[in-house]
Amino acid sequence: MERLPRGRHGLSPEYVAQNQRERLIIGLTEVLYEVGYQSTTVSLIGQRAAVSKSDFYKHFESKDDCFYAAYETAIERIREVVIVACAEHGDDEWPPRVRNAITSMIALLASDPPLAGIALVEGLRAGRGVYDRYQAALESFVPYLREGAPSAPDGGEVPAATDEAVIGGIASLLGRRVLAGEVEELDELTPAVLEFALTPYLGTVEARRIVSAG
Amino acid sequence: MIDAIVELCAEQGYEATKIADIVSRAGVARKTLYDNFDGKEDLFLSAFDLYLSEAKTAVAAACDSTGGGWQQRIESGLAGLLRFVGDHPTAARMCLVEATSATRSASLRYEAAIADFVAMLKENAPPDVELPETIEESLVGGVAWILHQWTRSSEPRRIAELLPELSQFVLSPYNGSKNFQTGKRK
């Protein structure tokens with residue numbers, strides 16, 4: 001995000017404040033990806049965002065406070081992409097809807113390594129206070145998978161643990177690749193992730209047919 | 001001292017746990033701790049390694065306890081894992097929840113442990129199925145996530161009840177030939 005012009009610019013104070021806040025959130029997300037949570041400092045965030053330390057504290061109480069805001073922003077961005085992808089398909093089109101959501105989500109993460117880092121790696125690793133947020137974030141994606149999902153092989157309901165295990169498994173796999181520095185290659189995992197997500201509901205044969213129909 | 005750090009981490013987290021708390025809980029002198037461990041992180045990692053190794057032994061023994069094929073071996077290994085977690089809720093919490101965030105070394109140790117379970121699942125999975133290379137990693141990650149949630153819940157000892165659901169989840173990719181019925185869920 002561009003910094004604002006110096007001197008008289010006729011921008012409202014509210015606009016300037018909002019712009020600063022957004023720059024700080026982006027600054028933290030980028031610095032975090034480069035140096036990790038422990039080494040991320042208020043000074044580094046301020047430098048990256050071109051916001052003074054005293055202005056930083058007008059927006060956030062602490063590094064943690066800024067982190068929480070950045071984390072929520074990251075999850076919100078991912079959720080928006082999933083919602084848009086889901087909306088392109090009707091309620092009775094579960095497999096293409098899941099395919100579209102997973103493909104779009106992974107494409108977003110691969111195109112924005114700092115976003116992938118904060119959402120998938122730091123959410124679990126930045127400490128105790130974030131853990132609840134990570135759990136809530138993962139749980140918030142469960143309904144998009146569960147909605148309209150087909151029944152289990154025996155005709156009964158697919159157990160609730162399945163939806164959560166699928167979401168947790170995807171987050172774990174992608175997070176491990178981000179940790180290994182392979183974030184830009186996440187796209188290559190899309191068919192494997194999709195097959196993993198569809199199989200508990202459709203069986204291997206049907207899941208593979210949908211994946212290869214791409 | 002191992003018991004002390006496990007309990008304290010479960011109660012208040014790694015960060016808030018001080019050497020003074022550990023020696024007081026364990027009823028040992030500070031010197032005794034430093035005679036045996038380099039410090040808090042070393043003690044934490046030792047506790048992690050101890051429980052991980054016990055968990056892996058329990059799972060391997062459970063796999064071997066059945067005379068059945070791959071399906072029975074995986075199911076039995078999963079049952080062994082759930083039993084172990086249910087029997088050691090505080091240690092499981094430390095290994096699953098605290099280890100990811102305690103320190104950089106702990107987080108790497110956690111990822112290595114996931115890789116160990118991935119290797120165990122690959123060893124027991126049927127060889128003749130053309131599944132994605134990452135399928136075991138995804139399945140282990142999914143099971144680990146369910147265990148995460150349960151160790152943080154108020155009644156972690158009921159975890160064994162999840163066995164049928166998790167078995168179905170883990171076995172589904174390997175049941176390739178089964179033709180799943182399609183239909184709507186309510």
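Residues numbered from 1 in each chain as written. Chains lettered and ligands numbered in written order. Predicted model: local features only at pLDDT ≥ 70, side-chain atom pairs only at ≥ 80, totals over all residues.

All right, on to the overall build of chain A then. Looking only at helices and strands, chain A has 10 helices and zero strands in total. Helices and strands in chain A line up, N terminus first, as α-α-α-α-α-α-α-α-α-α. In terms of overall dimensions, chain A has C-alpha extents of about 65 × 35 × 30 Å along its principal axes. Here chain A holds 214 residues, and 46% of them are scored as buried. Within chain A, residue pairs in contact and separated by at least 24 positions form 62% of the contacts whose partners lie at least 6 positions apart. (Helix = DSSP H or I, 4+ residues; strand = E, 2+ residues; numbered from the N terminus. Buried ≥ 20, exposed ≤ 12 C-beta atoms within 10 Å, placed from the backbone. Contact = placed C-beta atoms within 7 Å.)

A separate point is the overall build of chain B. The helix and strand inventory of chain B stands at nine helices and zero strands. When the helices and strands of chain B are listed from N to C terminus, the series reads α-α-α-α-α-α-α-α-α. For chain B, the spread of C-alpha atoms along the principal axes amounts to about 65 × 35 × 30 Å. Put simply, 63% of the contacts in chain B that link residues at least 6 apart link residues at least 24 apart.

Residues and elements named next belong to chain B. An ideal rise of 1.5 Å per residue puts 18 Å on 13 residues; helix α6 (residues 89-101) measures up with 18 Å between its terminal C-alpha atoms. The largest bend in α6 amounts to roughly 30° and is located at C95. With 11 of its 13 residues buried, α6 lies for the most part within the structure. Taken together, the buried positions of α6 are occupied by A91, A92, R93, M94, C95, L96, V97, E98, A99, T100 and S101. (Expected span 1.5 Å × (residues − 1). Bend = angle between axes of the 7 residues up to and from the residue.)

Averaged over every residue, the pLDDT of chain A is 90; residues scoring 70 or more account for 94%. No element of chain A has a lower mean pLDDT than helix α7 (residues 128-146) of chain A, which averages 86, and none a higher one than helix α2 (residues 42-49) of chain A, which averages 96. (pLDDT = per-residue confidence, 0-100.)

This part is about the domain arrangement of chain A. Residue and element names in this part refer to chain A. What the domain assignment lists for chain A is domain 1 (10-60) and domain 2 (62-213). A straight line from the C-alpha centre of domain 1 to that of domain 2 covers 28 Å. Contacts between the two partners involve 13 residues from domain 1 and, on the opposite side, 17 residues from domain 2. Of all the secondary structure elements, the ones that give two or more residues to the side of domain 1 that touches domain 2 are α1 (13-39) and α2. The element that contributes the greatest number of residues to the side of domain 1 that touches domain 2 is α1, accounting for eight residues. (Domains from an automatic or database assignment.)

This part covers the nonpolar core. By size, the foremost hydrophobic cluster in this structure holds 123 residues, and its most contacted members are L24(A), L28(A), V193(A), A197(A), I5(B), V143(B) and I146(B). The leading source of residues in this core is helix α4 (residues 63-87) of chain A, at 10 residues. Two domains each donate at least three residues to this core, and these are domain 1 (10-60) and domain 2 (62-213) of chain A. Beyond its immediate chain neighbours, meaning those up to four positions away, L28(A) contacts T40(A), I45(A), C66(A), F67(A) and A70(A). (Core = buried A, V, L, I, M, F, W, Y, C linked by C-beta atoms within 7 Å.)

Looking now at the interface of chain A and chain B. Taken together, the contact between chain A and chain B spans 38 residues of the former and 38 residues of the latter. Counting only elements with at least two residues in the side of chain A that touches chain B, the list comes to α6 (113-125), α7, α8 (160-179), α9 (190-202) and α10 (204-213) of chain A. Its residues assigned to classes, the side of chain A that touches chain B shows 20 nonpolar, 11 polar and seven charged. (Nonpolar A, V, L, I, M, F, W, Y, C, P; charged D, E, K, R; others polar.)

All names here are of chain B. Look at helix α7 (residues 104-124) against helix α8 (residues 135-152): their axes get within 9 Å of each other, and the N-to-C directions meet at 120°. It follows from the interaxial angle that α7 and α8 lie oblique. With respect to the hand of their crossing, α7 and α8 are arranged in right-handed fashion. Residues I114, F117, V118, L121 and K122 of α7 lie in contact with α8, whose contacting residues are E136, E137, L139, V140, G141 and A144. For the contact of α7 with α8, the residue count by class is seven nonpolar, one polar and three charged. (Axes fitted to C-alpha atoms, helices over the stretch in contact; angles between N-to-C directions. Parallel < 35°, antiparallel > 145°, perpendicular 65-115°, else oblique. Left-handed = near helix turned anticlockwise from the far one by under 90°.)

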